[in-house]
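Geometric and topological summary
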Amino acid sequence: MTSDTSASLSISVTELTKTYGKVFALNRVSIDVKAGEFLTLLGPSGSGKTTLLMAIAGFNRPDSGRICFGHEDVTVLPPHKRGVGMVFQNYALFPHMSVFENVAFPLKLRKIPADEKHQRVTEALQTVQLSDFAERGIDQLSGGQRQRVALARAFVFGPKILLMDEPLSALDKKLREEMQIELKQLHRQLGVTTVYVTHDQREALTMSDRIAIIDHGELAQIGTPREIYNAPANHFVASFIGESSFFPLTKNKSGTLHYAGVSVGKVPNRAMHENWTLVIRPERLSLHATKTSKNTDKIYFSGKITELVYQGETVIVMMIMEDGHNLTARMNTRAGNDVDSLRVRQNLLVGIDKQDVIIIPGEAS
Ligand code: ADP
Ligand code: MG
């Protein structure tokens, strides 16, 4: 690309608040996006993701707080002076223009000379693998091709920041998954700081350097996909990303936490909470007829199988524990796992490595 990607910009959002009447669309949100990073805003519908992205783009004015690009405060700068590239869910392409003209549009606005314009559009179309489609009309393209045109148009002028709001949600599952990988590769190639919005947790895990989870206008957690999956900060994050079973913990005088009479660990450092919850990911469990293992890093709970669901690569094993709480295990169906012999109403021990135990503050609900 001819764009100067070495100078992609960091974004610093500080204590950003935006209200609509009584609704806090954003409530004191602070997020730092590193230069060149791919950061995803993830949250359910109505959580404030679009509001935050539009504030970064300059299309809405926050009530309070600050947005900086690099060292520049852009909080009140109009959108056209921010130099960000944008991609929306509905593409917002010009239907009466060709593919080439659509991609050339931002360069025309910037009065880029014809030669350079031609070269940049040609390169951008190569990057999104649409070189052979330059003269086509938009209505002669598939959904995935239209999305690529929208992408090319967003980065053709060499923006230092790229913002995308659910750009793949109109595509069917298979194409969406292909485009996720394509977008990831494009980001690697361009090196441009990217803020990406989705409500799809798997999409966020697939694509992001880091994920910021938004809940009711507030930042619930920010971290790498691994950090968030392995150490969710609270109940909302643990249930929104991946699958989880939740169990109430009791604390003894020495600060050790127990479930069903079994010690699962200590109260996490620096934490002042009264109540604690054990979170178990379904793929981290092993099933045993008897407690044969001498492995002291493993802990065991007993329960009874209530349902078995065969899904090809895995079997979902639903269980009820002795105190009535439900637990879901997901077992790989490879031969050694012996999952075909499992039966509903069978009593079993479930084992989990101590290092796979997740403890979060708050009561199990
Ligand atoms: P998301 O993109 O996560 O689905 P939004 O940022 O669109 O969420 O919306 C966050 C909250 O702000 C929602 O409660 C929504 O109804 C409200 N909201 C967003 N835009 C407006 C607006 N222009 N007028 C009034 N309320 C709005
Ligand atoms: Mg939205």
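For the structure itself, consult the block above.
Residues numbered from 1 in each chain as written. Chains lettered and ligands numbered in written order. Predicted model: local features only at pLDDT ≥ 70, side-chain atom pairs only at ≥ 80, totals over all residues. Heavy atoms only, no water.

Considerations on the pattern of salt bridges
Cut-off, in case you're wondering: Within this document, salt bridges are pairs made up of a side-chain nitrogen of Lys or Arg and a carboxyl oxygen of Asp or Glu, the two lying within 4 Å of each other. Under the scheme used here, helices are H or I runs from DSSP no shorter than 4 residues and strands are E runs no shorter than 2 residues, and both carry numbers assigned from the N terminus. Note on exposure labels: buried denotes an accessible area under 20% of the residue type's maximum, exposed denotes more than 50%, and partly exposed covers the range between, all computed with a 1.4 Å probe on protein chains only.
Within this structure, the stated rule accounts for 10 salt bridges. One salt bridge in this structure joins R28 and E15, with 2.9 Å as the shortest N-O distance. With R28 in strand 2 (residues 23–33) and E15 in strand 1 (residues 11–20), this residue pair connects regions lying 13 residues apart in the sequence. We classify E15 as partly exposed; its relative accessible area is 34%. With a shortest N-O distance of 3.3 Å, D356 and R284 are connected by a salt bridge. Of this pair, D356 sits in the loop between strand 19 (347–353) and strand 20 (358–361) while R284 sits in the loop between strand 14 (276–280) and strand 15 (285–288), and the two are 72 residues apart along the sequence.

What to know about the packing of helix 2 (residues 99–109) against helix 4 (residues 143–155)
How two helices sit against one another is set out by the angle between their axes and by the gap between those axes. Test applied: Lines fitted to the C-alpha atoms define the axes, with helices restricted to the stretch that makes contact. Angles between their N-to-C directions range from 0 to 180 degrees. Roughly parallel here means an angle under 35 degrees, roughly antiparallel means over 145, roughly perpendicular means 65 to 115, and every remaining angle is called oblique. Here a crossing is called left-handed whenever its near helix is offset anticlockwise from the far helix by less than a right angle, and right-handed whenever the offset is clockwise. Whether two residues are in contact is decided by their heavy atoms: any pair within 4.5 Å suffices.
With their axes 7 Å apart at the nearest point, helix 2 and helix 4 run at an angle of 30° to one another. Here helix 2 lies roughly parallel to helix 4, going by the angle between them. Where helix 2 crosses over helix 4, the two elements pack in a sense that is right-handed. Residues V99, N102, V103 and P106 of helix 2 touch helix 4, and the partners they reach there are V149, A152 and R153.

Remarks on the site of ligand 1
Our working definition: A molecule or strand has a residue near it when one of that residue's heavy atoms lies within 4 Å. In protein, a polar contact requires one atom able to donate a hydrogen and another able to accept it; more generally it is a pair of N or O atoms within 3.5 Å, and residues adjacent in sequence count only if both atoms are side-chain atoms. Under the scheme applied here, ten amino acids are nonpolar (Ala, Val, Leu, Ile, Met, Phe, Trp, Tyr, Cys and Pro), four are charged (Asp, Glu, Lys and Arg), and all others, including Gly, are polar.
Around ligand 1, a shell composed of Y20, V23, A25, P44, S45, G46, S47, G48, K49, T50 and T51 is seen. Between ligand 1 and T50, the relevant distance is 2.8 Å, taken from an oxygen atom to a side-chain nitrogen or oxygen of the residue. Within the side chain of T51, a nitrogen or oxygen atom sits 2.5 Å from an oxygen atom of ligand 1. Elements supplying a minimum of two residues to the shell around ligand 1: strand 2 and helix 1 (49–57). Considering each element in turn, the shell around ligand 1 owes the most residues, 3 residues, to helix 1. Its residues placed into classes, the shell around ligand 1 shows 4 nonpolar, 6 polar and 1 charged.

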